[in-house]
Structures are given as C-alpha cells and as structure tokens.
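Notes for the structure review
This is what each chain is made of:
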Amino acid sequence: MCGIVGYVGRKRAAPILLEGLKKLEYRGYDSAGIATLDEGKLHVVKRKGRVEELVSAAENLEGNIGIAHTRWATHGAPSERNAHPHSYGGVAVVHNGIIENAGELRAECEARGETFSSETDSEVIAHLIAAAFRGELLAAVREGTARLKGSYAIAVLCEGAGNVIAAAKRGSPLLVGKGGGSVLASDLPAAAAFAEKVYALKDGEFALLTEDDVRLFGGELKEIVRDPLKFDLKEEGAGKNGFSHYMRKEMAEIPVSIANSIVDLKAQSRFLAINIVLCQTYYIQIVACGTAYHSGVAAKAAIEALARVPVEVSVASEYRYRDPIVPKGTLVIAVSQSGETADTIAAAKLAKEKGATVLAVTNVAYSSLTEVADVCLLTHAGREIAVAATKSFMAQLAALYSIASALADIKGRSAPSLVSLPALAEDALARSERVKGWAQAIARSKSVYFIGRGFDYAAALEGSLKLKEVSYLPSEGYPAGELKHGTLALVGEHSPVIAIIGDEKVADKTMNAVFEVLSRGARVFLVTTVEGLGEGTLPKEDILTLPACEGVYSPLLTVIPLQMLAYETAVLFGLDPDKPRNLAKSVTVE
Ligand code: M6R
C-alpha cells in the first residue's frame with residue numbers, strides 16, 4: 001500500500017505535496033514524510049501518525065521540487081524512523097510496494113560499510129541508487145532497481161542531479177502528469193488534481209520529471225511516446241456532504257451507486273465484448289479479496305441460481321498459490337474496487353497464463369487490473385474514501401447481478417428484473433436507521449455472530465467483516481445450518497447473533513438456527529425482507545423488516561443495516577470508522 005507523490009515546478013513544493021498526501025491517505029496512514037531539494041540540498045521531514053501531523057512540521061520546508069509518502073507498514077513498525085522518504089548518500093526515495101530481497105541487498109551494503117537508519121525494506125533502494133549515481137539520475141535508478149525483486153513504485157530526488165525527479169514502476173501503480181509543473185502520484189485523482197495531462201506508467205518503465213516536462217522511458221531507457229489518459233473526475237465528490245464520516249456519507253450514496261452500476265448487458269452495443277465472452281461461458285471462477293470476495297460469494301449464488309452455470313469463488317491469495325485447475329473455456333471474473341489489490345491482480349494474471357478469459361469488475365478505470373483483464377465491466381460507485389467498503393460492495397453486487405441476468409438470458413432462462421433495486425435500497429437505508437438502538441447491545445458484547453443460509457450467507461460474511469473492521473469486535477459470519485457443528489459452543493449471553501433472512505425459501509430453516517441460539521441464552525437480532533417473520537419469537541425492537549425483494553438479490557438490501565450497525569458501533573466506541581487501525585483502503589502488497 002502506501003501513497004507516493006512528487007512535484008517539480010515554479011511553486012513551493014511542500015503545500016502541493018501535502019495536499020497530494022491528503023488525497024492518498026486512504027492508502028495508509030501510520031506515518032508520513034516529505035523531502036524537498038532547496039538550492040541543491042536535501043531536506044527531509046517525517047512524522048509518525050497521519051498526514052495532519054506532518055503539516056506544521058513541513059510548514060517551513062522550502063524548494064520547488066519534492067517527493068512525499070504516506071505509509072502503511074509492511075517491514076518495520078510504524079515510527080518516524082521507518083517513515084519515508086529514506087535517504088542515503090544524497091539520494092532520497094519514496095516507495096510503494098515490497099522489496100522481497102531487501103535482506104540480502106542490505107547485507108551487501110552493510111558489508112561495504114554502509115549504515116542503515118530504518119528497519120524498512122525500502123531504505124536499501126536509496127543505497128543502491130546512491131552507489132550507482134555517476135551524474136545521471138535515471139541511469140542510476142535503472143541500475144539500482146535492476147537489483148530489486150518484488151514490487152515497487154518509487155520517486156527519487158538526488159543532490160547533484162539537478163532539478164529532476166526520477167521514477168520507476170514494477171507491480172505498484174504510478175501515474176505522472178504535466179501542466180503547471182510536473183507531478184507523479186499513486187492514483188489518478190491525486191495526479192489529476194495538479195496536472196492537465198496524466199500518463200500511466202507500465203511495469204518496467206521509468207519517468208523523468210522536470211519543471212517543464214515529463215518524459216517516459218522503457219526498460220532500456222528508450223524514450224516512449226504515449227497518449228494521455230482520458231478521464232472525467234466529475235463524480236469524484238470528496239467532501240463529507242454534511243455527514244460526520246465518509247463511511248456514513250458513502251452509505252447514503254448506495255442507491256445511486258446501485259442505479260449507476262446496473263447495466264442491461266444484452267441491450268447496449270458498448271458491451272459487445274462482454275456479451276461475446278458470456279456467450280462462450282460454461283464455467284466461471286471468481287477471484288477477489290475481502291469485501292469483493294463477499295460480493296463474489298453472492299454472485300456465485302446468483303449466477304448458479306439464475307443461469308445454472310457452475311461458479312467457483314476463491315480468495316485471490318489462495319487461488320494464486322494453489323496451482324488452480326482452469327479448464328479450457330473458463331471465464332475468470334476478478335472483482336476489485338480499487339483494481340490495485342496485489343493478490344487479485346496476481347490471480348488474474350495466473351488465470352490468463354492458464355488460458356482463461358479474464359473479466360475485471362472494478363470501480364477504477366485505468367487501474368492495474370484493467371490492464372491485465374481481457375474485458376472490463378466498470379462499477380460506478382464513485383470514489384470511496386472510507387477504508388470500509390460500503391457503496392462499492394453494492395455497486396459490485398449490481399454489476400455481478402447484471403452479469404448473472406445477462407448470462408441467464410443467454411442460457412434461455414429468465415431472471416427477475418433489477419430495475420426496482422435502487423428504490424428498494426433507498427427504502428432499506430431509511431429503515432436501517434433503527435439499528436442505532438441495536439448498537440448499544442452489540443457494543444456490550446464479547447463477540448458477535450452473523451448467520452445466514454444460501455443468498456444470506458454472503459450477507460453474513462460481509463456484516464461480520466464490517467463489524468470487525470470498524471469496531472474491532474471479534475465476529476464471525478457463518479452458514480446458519482453449520483453453527484451447531486461447533487461454533488454454537490461460543491454462543492451465549494454475551495454473544496449476540498444477527499440472523500439474516502432475505503430469502504423466504506429458507507426462512508424456516510434459518511429460524512431453526514435462531515431457536516437454537518435463543519435457547520442457549522443469546523440475544524438475536526433479525527434482519528429480514530419477509531414481512532411478519534420473527535414476530536412472536538423475538539421482541540419487536542430486535543426485528544428489522546426491510547422491503548420485500550427477490551431472494552436472489554436480497555444481499556443488496558440486507559447488508560445495508562449490517563453496515564449501519566458496524567458504523568454506529570464504531571461511533572459508540574469513539575472510533576474513527578473512516579480509518580480503522582492497521583488497515584488501508586488499497587492493498588497493493590501481498
Ligand atoms: O480494492 P479491492 O476491492 O480489491 O479491495 C479488497 C479488500 O481489500 C477490501 O474489500 C477490504 O476488505 C475492505 N476494506 C473491506 O471493507
């Protein structure tokens with residue numbers, strides 16, 4: 001993870017870099033740092049904690065050229081010492097990625113008498129470039145990075161190299177831009193905020209930024225001419241819009257996010273490529289991580305029910321290392337909000353190597369995943385800033401249900417219409433305000449169990465992840481029928497159970513599990529789309545009835561109150577749900 005930014009131009013670099021870091025803070029926020037070159041001398045300021053901590057410290061930093069970093073720790077604890085930029089021998093480096101042979105390279109540097117000032121894997125990059133520097137920074141960066149194994153996007157400043165920033169990319173995202181100076185950044189919104197034209201670097205490429213120009217180079221340092229990206233960032237509303245937190249604001253955007261992401265794939269010619277792929281599809285593998293994996297679990301249930309096409313869903317980090325069997329004609333759907341999740345990208349690459357067609361479902365055009373995929377279906381959740389995925393999960397479901405519906409049509413089956421779902425979600429959102437009352441009991445519990453069966457199982461998994469992520473309460477999502485095979489031993493007075501019943505067909509069966517946990521002393525909160533369910537069994541205030549909905553699509557509704565519950569519990573604990581401890585929005589390392 002981590003976010004990097006660089007600027008060289010006619011303005012003071014520090015304010016621009018700090019602004020860029022604030023945009024990239026979703027990528028990591030355990031420490032931050034900035035380096036500028038002023039009259040040829042390097043000045044470095046770093047702080048543990050959020051970018052805000054760096055602002056006053058970097059106030060007096062002069063210079064029209066600089067690089068900066070916001071960190072999510074991989075090697076070395078979050079501390080000022082381990083914060084980037086790392087400098088050695090007049091070279092300062094910011095790095096996003098992981099250097100897998102850092103230990104070996106560090107030992108080499110130490111053997112020739114060099115000393116290190118951090119425990120990071122990144123510092124060795126500054127050492128390698130300093131050793132290779134003979135007046136030409138780009139050549140030194142090429143020579144230094146040739147030794148690296150792993151992933152990196154780096155930006156480098158060097159005393160004695162003039163007013164230039166050199167950059168290199170392999171496996172981590174990096175964009176460069178020009179217009180009003182030259183910039184580089186880890187994502188498009190941060191780069192586009194300071195540049196008119198933005199270019200995406202590909203793996204193995206380099207860039208050289210000067211006040212007037214940005215030049216791109218291939219592996220042999222041969223200059224490359226590339227078209228700028230076409231983008232429209234109008235939808236990138238960054239404010240909280242009157243809400244206390246991004247997470248809550250983004251939940252308010254769920255109905256729009258669903259509406260914008262439902263597509264009639266069969267009806268529009270722009271989806272021709274996807275249609276061709278779907279027409280040839282008889283077996284699907286879905287790969288994803290975290291919340292995106294849960295949307296995959298929901299999609300498996302929907303695709304199998306509606307189109308009767310078999311689907312296997314895998315956590316991407318498992319898929320990539322288990323030598324998966326990919327039969328001829330397999331369609332692999334890689335789901336990722338950011339399009340930058342290292343494990344998902346690696347799984348997609350592996351699937352391609354094994355002959356699969358890869359369809360990316362992602363919220364970010366021009367992301368690394370879109371580069372790997374054969375075809376791409378964009379979700380339109382808009383920018384999601386809170387670390388906990390909310391509206392992007394709903395957008396993924398909307399897109400995946402659109403695929404399920406198109407596939408059903410291709411297979412000569414009928415699927416229920418998706419058009420009423422945004423309005424139903426709007427209604428569910430309004431009704432979900434009530435779970436604020438439940439949060440009091442949840443906050444007093446030791447652990448929380450979410451149970452669901454069939455379509456509701458994906459909702460249980462996602463509800464549990466959300467609660468863990470923002471409230472830090474131990475929690476588990478479980479198939480309702482499986483509880484009695486072990487986990488029931490953990491259920492009792494201090495372990496409430498959230499039962500999810502969005503599929504009327506299995507209502508009685510899941511209610512059996514409800515009776516089982518009630519008789520073991522647990523309080524049960526019921527989230528259901530089935531009118532009247534639970535009445536007479538549970539207190540009225542412990543039942544949340546959502547609008548009626550086709551069971552197959554019900555996670556689009558039932559997950560909303562679960563997100564709300566997680567949010568309200570975090571707020572009750574006085575936690576910041578937008579930036580949970582130890583986490584980052586985009587997991588670009590494995
Ligand atoms: O960007 P991606 O969808 O690939 O991210 C995958 C997970 O890292 C992500 O969903 C994570 O689990 C969220 N923080 C959950 O809220």
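Presented here is an overview of the structure given in this document.

Section: unusual backbone geometry
Following His84, the chain continues to Pro85 via a peptide bond in cis, the omega torsion being 0°. By the element assignment, Pro85 lies in the loop between β4 (65-71) and β5 (86-88). Even without being a glycine, Asn241 presents a positive backbone phi close to 55°. Along the chain, Asn241 turns up in the loop between β14 (223-224) and α7 (246-252). Although it is not a glycine, Asp323 adopts a positive phi angle of roughly 50°. In this structure, Asp323 sits in the loop between α11 (316-319) and β17 (330-336).

A word on the pattern of salt bridges
On inspection of all chains with the given rule, the structure shows 31 salt bridges. The residue Glu119 makes a salt bridge to Arg81 at a minimum N-O spacing of 2.8 Å. Of this pair, Glu119 sits in the loop between α3 (102-111) and α4 (123-132) while Arg81 sits in the loop between β4 and β5; the two residues are 38 residues apart in sequence, bridging distant segments of the chain. A salt bridge links Lys249 to Glu253; the nearest nitrogen and oxygen atoms lie 3.3 Å apart. Each of Arg10, Glu211 and Asp212 takes part in a single network of salt bridges with overlapping partners.

Re the pairing of β4
Across the seven residues of β4, seven count as buried, placing the element largely inside the fold. Residues of β4 alternate between two faces, with Ile65, Ile67, His69 and Arg71 on one and Gly66, Ala68 and Thr70 on the opposite face, all of them buried. Where strand β1 (residues 3-8) lies against β4, six bridges are found, and the strand directions are antiparallel. Its bridge partner lying in β4, Gly3 is registered against Thr70. Pairing geometry for strand β2 (residues 31-38) and β4, over seven bridges, is antiparallel.

Quick word on the packing of helix α10 (residues 290-307) against helix α17 (residues 455-471)
α17 packs onto α10 with a crossing angle of 175° between their chain directions and a minimal axis gap of 8 Å. Relative to α17, the element α10 is oriented roughly antiparallel. Residues Gly290, Thr291, His294, Val297, Ala298, Ala301, Ala302 and Ala305 of α10 lie in contact with α17, whose contacting residues are Phe455, Tyr457, Ala458, Leu461, Glu462, Leu465 and Lys466. Residue classes in the contact of α10 with α17 are distributed as ten nonpolar, three polar and two charged.

A few points about the site of the ligand
The environment of the ligand is made up of 15 residues, and the closest members are Ser336, Gln337, Ser338, Thr341 and Glu469. Within the backbone of Gln337, a nitrogen or oxygen atom sits 2.6 Å from an oxygen atom of the ligand. Thr341 is positioned such that a nitrogen or oxygen atom in its side chain is 2.4 Å from an oxygen atom of the ligand. For the ligand, whose unbound accessible area comes to 410 Å², protein coverage reaches 91%. Broken down by secondary-structure element, the contributors of at least two residues to the shell around the ligand are α10 and α17. Residues of the shell around the ligand, tallied by class, amount to seven nonpolar, six polar and two charged.

As for the side chain of Asp456
Inspection of the secondary structure puts Asp456 in helix α17. Setting aside chain neighbours within four positions, we find Asp456 in contact with Ile500, Ile501, Gly502, Asp503, Val506 and Ser554.

Concerning helix α15 (residues 421-432)
With twelve residues, α15 should reach 16 Å at 1.5 Å per residue; the first-to-last C-alpha distance of 16 Å fits that figure. Here α15 has its buried residues at Leu421, Pro422, Leu424, Ala425, Ala428, Leu429 and Ser432. All buried residues of α15 project into a common sector of 155° when viewed along the axis, lining one side. Facing away from the buried side of α15 by more than 90 degrees, the exposed set consists of Ala423 and Ala430. Buried residues along α15 sit against α7, α8 (254-261), β24 (543-545) and α19 (555-572).

Basis of the calculations
Residues numbered from 1 in each chain as written. Predicted model: local features only at pLDDT ≥ 70, side-chain atom pairs only at ≥ 80, totals over all residues. Heavy atoms only, no water. Helix = DSSP H or I, 4+ residues; strand = E, 2+ residues; numbered from the N terminus. Salt bridge = Lys/Arg side-chain N within 4 Å of Asp/Glu carboxyl O. Buried < 20%, exposed > 50% of the residue type's maximum accessible area, 1.4 Å probe, protein only. Pairing = 2+ DSSP bridges. Axes fitted to C-alpha atoms, helices over the stretch in contact; angles between N-to-C directions. Parallel < 35°, antiparallel > 145°, perpendicular 65-115°, else oblique. Contact = heavy atoms within 4.5 Å. Nonpolar A, V, L, I, M, F, W, Y, C, P; charged D, E, K, R; others polar. Near = heavy atom within 4 Å. Polar contact = N/O pair within 3.5 Å; in protein donor to acceptor, adjacent residues only side chain to side chain. Areas by Shrake-Rupley, 256 points an atom, 1.4 Å probe, with all protein chains shown as cover. Expected span 1.5 Å × (residues − 1). Arc of directions from axis to C-beta.

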